[in-house]
Amino acid sequence: MTDQVRTDVDGGVLTVTLDRPKANAIDVATSQALHEAFDRLQRDDSLRVAVLTGAGERFFSAGWDLKAAAEGEAIDADHGPGGFAGLTEFFDLDKPVIAAVNGLALGGGFELALAADLIIAAEHAAFALTEVTLGMVADSGGVLRLPERLPQAVAAELLLTGRRMTAAEAERWGLVNRVVPAGDLLGAAMELAHRICGSAPLAIAAVKEIVRRTAALDVESGYRLMRSGDLPNYQAMLRSEDAQEGPRAFAEKRSPKWTGR
């Protein structure tokens, strides 16, 4: 990792902190460092969940470093593996990511939060896709993900105007899971992460796979896909030792001992 991307491990939780004063903006090197962190999450069996946050209280991330772009860094092709910020195109990541949004999530910063599975926001946080005001489009997943997460009219307004959405409004529309005081943000994100760690890792991977593969399908088509044998994580879960351990632990009135096998 670099000084701009710090990582810490607490049990099975990997905390990834973006720390590039003043606005936690992301250049190519930072994007690649973030991907290294998420790749570590994917490859390390001892890690179950990531919590992604920004340093300070003003910015979660202002998105792409426009100064670096003005000096010649590409704003599309050079994002590196995983897409912008190492996460927006990491489509096969089998472990959950929780965005702990500690301040403004603007442009690519909002897109980064949208790429996470769950969002916890500080009360003063706000979200905006500002690309249209700069002559661009929120193409690192924002223009695609936002209409899936919000009513079309609300998503269109944000995309076409670049206006800011407060944390309270985001919670009202179901965009974020919860809003908490700034001082409680990391604690709330870690509590949620450790609750996820209490479930079987293969079951978590299967949930992510099913949601990813069935997002554009109706229920009947999704059900057929689940029965087709074409979902490897789901099939591995069905055959796993953990799938036997869970009911056995419940019957014996004890906590399950997951092995990931």
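It should be noted that the structure appears before, not after, this text.
Residues numbered from 1 in each chain as written. Predicted model: local features only at pLDDT ≥ 70, side-chain atom pairs only at ≥ 80, totals over all residues. Heavy atoms only, no water.

Participant: Just checking my understanding: could you explain unusual backbone geometry for this structure?
Facilitator: The phi angle of most residues is negative, glycine excepted, and most peptide bonds adopt the trans form. Geometrically, the link from Pro21 to Lys22 is a cis peptide bond, its omega value of 10 degrees lying close to zero. Its location among the elements puts Lys22 in the loop between strand 2 (13–18) and helix 1 (28–43). At Ala85, a position not held by glycine, the phi torsion is positive, near 60 degrees. By secondary structure assignment, the location of Ala85 is in the loop between helix 2 (66–70) and strand 5 (97–101). Judged by relative accessible area, Ala85 falls into the buried class, the value being 0%. The backbone of Lys253 sits at a positive phi, close to 55 degrees, despite the residue not being glycine. (Helix = DSSP H or I, 4+ residues; strand = E, 2+ residues; numbered from the N terminus. Buried < 20%, exposed > 50% of the residue type's maximum accessible area, 1.4 Å probe, protein only.)

Participant: Which parts of the structure should I look at to understand helix 4 (residues 142–149)?
Facilitator: Helical geometry note: an α-helix holds 3.6 residues per turn, so side chains three or four residues apart project in the same direction. Within helix 4, the full set of buried residues consists of Gly142, Arg145 and Leu146. For helix 4, the angular spread of buried residues about the axis comes to 100 degrees, placing them on one side. Set apart from the buried face of helix 4 by more than 90 degrees, the exposed residues are Leu144 and Glu148. (Arc of directions from axis to C-beta.)

Participant: I'm lost on the side chain of Asn102 in this one. Help?
Facilitator: With respect to the secondary-structure elements, Asn102 resides in the loop between strand 5 and strand 6 (104–106). Engagement of the side chain of Asn102 in a polar contact is seen with the side chain of Thr53, the distance being 3.5 Å. For Asn102, the residues in contact, after removing those within four places along its chain, are Thr53, Gly54, Ala55, Gly56, Glu57, Phe59, Phe60, Ala122, His124 and Leu185. (Polar contact = N/O pair within 3.5 Å; in protein donor to acceptor, adjacent residues only side chain to side chain. Contact = heavy atoms within 4.5 Å.)

Participant: What's the story with the sheet that holds strand 2 in this structure? I'm lost.
Facilitator: Paired through backbone hydrogen bonds, the strands of a sheet run either parallel or antiparallel to each other. Reading across the sheet, the six strands line up as 1-2-3-5-7-10 and stay open at both edges, with mixed pairing between neighbours. Every interior strand has two partners, whereas the edge strands, strand 1 (5–10) and strand 10 (178–180), have only one. Between one strand and the next, the sheet's axes are offset by a mean angle of 20 degrees, whatever the strand orientation. Relative to strand 7 (residues 118–122), strand 5 runs parallel, the two sharing four bridges. Across the sheet, residue Ala100 finds its bridge partner in strand 7, namely Ile120. Contacts from helix 7 (residues 185–197) reach strand 1, strand 2, strand 3 (49–54), strand 5, strand 7 and strand 10 within the one sheet, and its direction differs from that of strand 3 by about 165 degrees. (Pairing = 2+ DSSP bridges. Axes fitted to C-alpha atoms, helices over the stretch in contact; angles between N-to-C directions.)

Participant: Teacher, can you tell me more about the sheet that holds strand 8 (residues 126–128) here?
Facilitator: Judged by pairing direction, the sheet is mixed, and its four strands sit side by side in the order 4-6-8-9 without closing on themselves. Edge positions in the sheet fall to strand 4 (59–61) and strand 9 (165–166), since each has one partner strand and no second. By the bridge criterion, two bridges tie strand 4 to strand 6 in an arrangement that is parallel. Paired with Phe59 across the two strands is Leu104, which belongs to strand 6. Sitting on the sheet, helix 3 (residues 108–115) touches strand 4, strand 6 and strand 8, and the angle it makes with strand 6 is about 100 degrees.

Participant: Is there a simple way to think about the packing of aromatic side chains in this case?
Facilitator: Under the counting rule described, the total for this entry stands at two aromatic pairs. Pairing Trp64 with Phe84 gives two aromatic rings, centres 5.9 Å apart and planes at 55 degrees, and the pair type is tilted. A residue pair is termed long-range when its members are at least 10 positions apart, and Trp64 in the loop between strand 4 and helix 2 and Phe84 in the loop between helix 2 and strand 5 qualify at 20 residues. Given the relative accessible area of 2%, Phe84 is considered buried. Here Phe110 and Phe127 contribute two aromatic rings whose centre-to-centre distance is 5.2 Å and whose plane-to-plane angle is 45 degrees, an arrangement assigned as tilted. Taken together, the residues span a long stretch of sequence, with Phe110 in helix 3 and Phe127 in strand 8 at a distance of 17 residues. Look at Phe110 and you get buried, because its relative accessible area is 0%. (Phe/Tyr/Trp six-rings, centres within 6.5 Å; stacked < 30°, edge-to-face > 60°.)

Everything listed is a geometric property; what it means functionally is a separate question.
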